[in-house]
Amino acid sequence: NLLKRFRIDFSSIVEVEGINKAPSSQSIQTFMKLPIKDEFTDLSTLEKDRRTMRNIRLGELIREHSNDAKLIVLTLPVPKVEVMSPLLYM
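Residues numbered from 1 in each chain as written. Predicted model: local features only at pLDDT ≥ 70, side-chain atom pairs only at ≥ 80, totals over all residues. Heavy atoms only, no water.

**Brief notes about the overall build of the chain**
Looking only at helices and strands, the chain has 5 helices and 0 strands in total. When the helices and strands of the chain are listed from N to C terminus, the series reads α-α-α-α-α. Counting the 90 residues in the chain, one finds 21% classified as buried. Taking all contacts inside the chain whose residues are at least 6 apart in sequence as the whole, residues at least 24 apart take part in 58%. Carbon and sulfur atoms make up 53% of the accessible area of the chain, which amounts to about 8000 Å² in all. (Helix = DSSP H or I, 4+ residues; strand = E, 2+ residues; numbered from the N terminus. Buried < 20%, exposed > 50% of the residue type's maximum accessible area, 1.4 Å probe, protein only. Contact = heavy atoms within 4.5 Å. Areas by Shrake-Rupley, 256 points an atom, 1.4 Å probe, with all protein chains shown as cover.)

**Description of the packing of helix α2 (residues 25-32) against helix α4 (residues 50-65)**
Look at α2 against α4: their axes get within 10 Å of each other, and the N-to-C directions meet at 115°. By the criterion of interaxial angle, the relationship of α2 to α4 is roughly perpendicular. For the pair α2 and α4, the sense of crossing is right-handed. Residues Ser 27, Ile 28 and Phe 31 of α2 form the contact with α4, whose participating residues are Thr 52, Met 53, Ile 56, Glu 60 and Arg 63. Here the contact of α2 with α4 is composed, by residue class, of 4 nonpolar, 2 polar and 2 charged. (Axes fitted to C-alpha atoms, helices over the stretch in contact; angles between N-to-C directions. Parallel < 35°, antiparallel > 145°, perpendicular 65-115°, else oblique. Left-handed = near helix turned anticlockwise from the far one by under 90°. Nonpolar A, V, L, I, M, F, W, Y, C, P; charged D, E, K, R; others polar.)

As structure tokens, this is what we get:
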């Protein structure tokens, strides 16, 4: 695996549950303040996009479970430019 390949010492790997729950309204409001005005015109448009809602929830879980972490390793799929805006991917 990549941790061994790059000789990164790790003490434990934590698999987090709860990714399928809806993100908090505070996280959604924070997301809507980002420069994505062309992507989502209103909250109902955002709520229909399951991928983005899941990524907002993922951000919540990372912040919740990684407050004292020195390194967080994530694997993400390569975005398809014709399907997803670079602003939404980052």
